2 protein chains.
Amino acid sequence: MNEDYKNIPDIVIGRLPLYLRALQYMLLENHFVTSSKELSERLGISAAQIRKDLSQFGEFGKQGTGYHVEFLITKLKQIMHIDTTWDVIIVGAGDIGHGIARYPGFKNQGFRVTKVFDNNPEKIGQKIGDFIVEDSAKMANAIREANIKIAMIAVPASQAQQVADILVNAGIKAILNYAPITLNLPAGIKIQYIDPVVHLQRMTFYLE
Amino acid sequence: MNEDYKNIPDIVIGRLPLYLRALQYMLLENHFVTSSKELSERLGISAAQIRKDLSQFGEFGKQGTGYHVEFLITKLKQIMHIDTTWDVIIVGAGDIGHGIARYPGFKNQGFRVTKVFDNNPEKIGQKIGDFIVEDSAKMANAIREANIKIAMIAVPASQAQQVADILVNAGIKAILNYAPITLNLPAGIKIQYIDPVVHLQRMTFYLE
């Protein structure tokens, strides 16, 4: 991480992908200049917050002329370290594993799935799109050899902690967990959860 | 929505499911009383923020004695309107649709998947766990008849907007979208996105 950025709160970092996503959609719409007000309308985050967040990383816009969409995309990608492509492995070749192995949305977003593992003999050797499911007994070595830093866990909840321990031991630094369980991880390992329940519960507040 | 709560920012509402989740794990661990400090350590949200968020909904804790875990869970469920069970439909019986149809995490969290739809003749009639995939041509009627308010979209990006329009027309008020596309929806319809890219991009900032 850039030392200049080390005091920026994690909640600000968490908004950067949303800004990036909104800017990328603008570019698709041939929309080349924008403002914090316009971003605010797209994202439901206040314009003042957006200006404050972005200003922590530098001077990206000018009073009155706004932000250049393409330039801001480039800068955000640099800040988030996705101006390169990260290799990512998937553990678990069930429904969710299949879905993310075939997910078309990683392209040009900084990520490339390189391997899919499972411990079930019936699944090992199976084809998923361009992948052949590999034996998870070989996972740790594969991670070390290719210096993989990011993994997605899509195994049942009962196996997720054990898988996470193996991943971290082999050198994984960031985990995206689809299993409905909170993982215990050493300090310094980043974790994100994909949990449809949390998203659904965010909306029911507003329903009668 | 409770009129008393109508000025509470959406970002506060968004943290309530995280508080609930942390409290539920505490209860599983037979941990019956907690504090904003302890919640803070679990969630990485400041104790002051947690106290401020919760105080917007009432007096749930006492200075010095903390929060009663079970009581706070009950209150949060009432506030989020998940003291009842919402019927939810899934549109799209591909990998992701299969995964969420079989997802064990909805139970006791306020949601129950009741139907799965697809427009592909090869998928209609297929079994997914306890469900038989139904023809999405019958979707609008099914939503109206059962007064369904919540849907999950798990179709390809190219079909997601069309599906969303049908859902909203039929009375759906909240959508959880797995398709990698932003949906245009009328005001008042709630939308949440499940996007692994956003979660991965939240973590790479911290990686070398």
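Residues numbered from 1 in each chain as written. Chains lettered and ligands numbered in written order. Predicted model: local features only at pLDDT ≥ 70, side-chain atom pairs only at ≥ 80, totals over all residues.

## Examining the overall build of chain A
Along its length, chain A carries 8 helices and 11 strands. C-alpha extents for chain A along the principal axes are approximately 60 × 50 × 35 Å. Each of the 208 residues in chain A was classed as buried or not, and the buried ones make up 40%. (Helix = DSSP H or I, 4+ residues; strand = E, 2+ residues; numbered from the N terminus. Buried ≥ 20, exposed ≤ 12 C-beta atoms within 10 Å, placed from the backbone.)

## Details of the relation of the copies chain B and chain A
Once chain B has been moved 0.0 Å along the axis and rotated by 180 degrees, it coincides with chain A to within an RMSD of 0.0 Å. One copy is carried onto the other by what is essentially a two-fold rotation axis. Looking at the rotation axis and the C-alpha trace of chain B, the residue lying nearest is D95(B), at 2.5 Å. Taken together, the interface assignments show that 100% of the residues at the interface of chain B recur at the interface of chain A, consistent with an identical surface on both copies. (Least-squares fit on C-alpha atoms with pLDDT ≥ 70 in both. Contact = placed C-beta atoms within 7 Å.)

## Let's talk about the sheet that holds strand 3 (residues 66–68) of chain B
Residue and element names in this part refer to chain B. Judged by pairing direction, the sheet is antiparallel, and its 3 strands sit side by side in the order 1-3-2 without closing on themselves. Two strands close off the open sheet at either side, each with one partner strand: strand 1 (33–34) and strand 2 (61–62). Direction of pairing for strand 2 relative to strand 3: antiparallel, over a ladder of 2 bridges. Paired with G61 across the strands is Y67, a residue of strand 3. (Pairing = 2+ DSSP bridges.)

## Considering the domain arrangement of chain A
For chain A, the domain assignment lists domain 1 (3–79) and domain 2 (86–197). Spacing between the C-alpha centres of domain 1 of chain A and domain 2 of chain A amounts to 30 Å. (Domains from an automatic or database assignment.)

## Digging into the sheet that holds strand 3 (residues 66–68) of chain A
Residue and element names in this part refer to chain A. On the basis of which strands lie adjacent, the open sheet formed by 3 strands has the order 1-3-2 and antiparallel pairing. Each of the sheet's edge strands pairs with one partner strand only, and the pair in question is strand 1 (33–34) and strand 2 (61–62). Note that strand 1 and strand 3 share 2 bridges and pair antiparallel. Across the sheet, the residue bridging to V33 is H68, located in strand 3. Helix 4 (residues 69–79) contacts strand 1 and strand 3 of the sheet and is inclined by roughly 70 degrees relative to strand 3. (Axes fitted to C-alpha atoms, helices over the stretch in contact; angles between N-to-C directions.)

## Brief notes about the nonpolar core
Counting residues in each nonpolar core, the largest one holds 97 residues, and the members touching the most others are V91(A), A151(A), I153(A), V91(B), A151(B) and I153(B). Looking at which element gives the most residues to this core, the answer is helix 1 (residues 10–28) of chain B, with 8 residues. Not counting the four nearest positions on each side in its chain, A151(A) is found in contact with V88(A), I89(A), V91(A), L167(A), I172(A) and I175(A). Core analysis: the next-biggest nonpolar cluster, separate from the first, contains 19 residues, L18(A), Y19(A), M26(A) and I79(A) among them. (Core = buried A, V, L, I, M, F, W, Y, C linked by C-beta atoms within 7 Å.)

## Concerning the packing of helix 2 (residues 36–43) of chain B against helix 3 (residues 47–55) of chain B
Each pair of packed helices can be described by the angle between their axes along with the distance between the axes. Residues and elements named next belong to chain B. Two numbers describe how helix 2 lies on helix 3: the axes approach to 8 Å, and their chain directions differ by 115 degrees. With respect to their mutual orientation, helix 2 and helix 3 come out roughly perpendicular. Two packed elements cross with a definite hand, and for helix 2 against helix 3 that hand is right-handed. Along its contact with helix 2, which presents S36, K37, L39 and S40, the element helix 3 presents A47, I50 and R51. Of the residues that constitute the contact of helix 2 with helix 3, the class distribution is 3 nonpolar, 2 polar and 2 charged. (Parallel < 35°, antiparallel > 145°, perpendicular 65-115°, else oblique. Left-handed = near helix turned anticlockwise from the far one by under 90°. Nonpolar A, V, L, I, M, F, W, Y, C, P; charged D, E, K, R; others polar.)

## Details of the pairing of strand 5 (residues 111–118) of chain B
All names here are of chain B. Within strand 5, 6 of the 8 residues are buried, leaving the element largely enclosed by the surrounding structure. In the classification by handedness, the crossover that spans strand 4 (residues 86–91), the intervening helix 5 (residues 95–101) and the parallel strand 5 is right-handed. Strand direction decides the pairing type here: strand 5 and strand 8 (residues 134–135), joined by 2 bridges, are parallel. Across the sheet, the residue bridging to F117 is E134, located in strand 8. (Right-handed = clockwise from strand over helix to strand, strands pointing away.)

## Regarding the packing of helix 6 (residues 139–146) of chain B against helix 7 (residues 157–170) of chain B
Residue and element names in this part refer to chain B. For the pair helix 6 and helix 7, interaxial distance at closest approach is 9 Å and the crossing angle is 30 degrees. The orientation of helix 6 relative to helix 7 falls into the category roughly parallel. Handedness of the helix 6/helix 7 crossing: right-handed. Facing M139, A140, I143 and R144 of helix 6, the residues of helix 7 in contact are I166, L167, N169 and A170. A breakdown of the residues in the contact of helix 6 with helix 7 according to their chemical character gives 6 nonpolar, 1 polar and 1 charged.

## Here we look at the interface of chain B and chain A
The extent of an interface is frequently quoted as the accessible surface area lost upon association of the parts. Each partner contributes to the interface: chain B provides 52 residues, whereas chain A provides 52 residues. For the side of chain B that touches chain A, the secondary-structure elements that each account for two or more residues are helix 1, helix 5, strand 9 (150–153), strand 10 (174–177), strand 11 (190–193) and helix 8 (196–204) of chain B. Broken down by element, the residue count for the side of chain B that touches chain A peaks at 9 residues, all from helix 8 of chain B. Residues belonging to the side of chain B that touches chain A are distributed by class as follows: 30 nonpolar, 13 polar and 9 charged.

## Some details on the confidence of the model for chain A
Overall, the predicted model of chain A reaches an average pLDDT of 93, with 99% of residues at or above 70. Model confidence for the complex is summarised by a pTM of 0.86, with the ipTM given as 0.93. (pLDDT = per-residue confidence, 0-100.)

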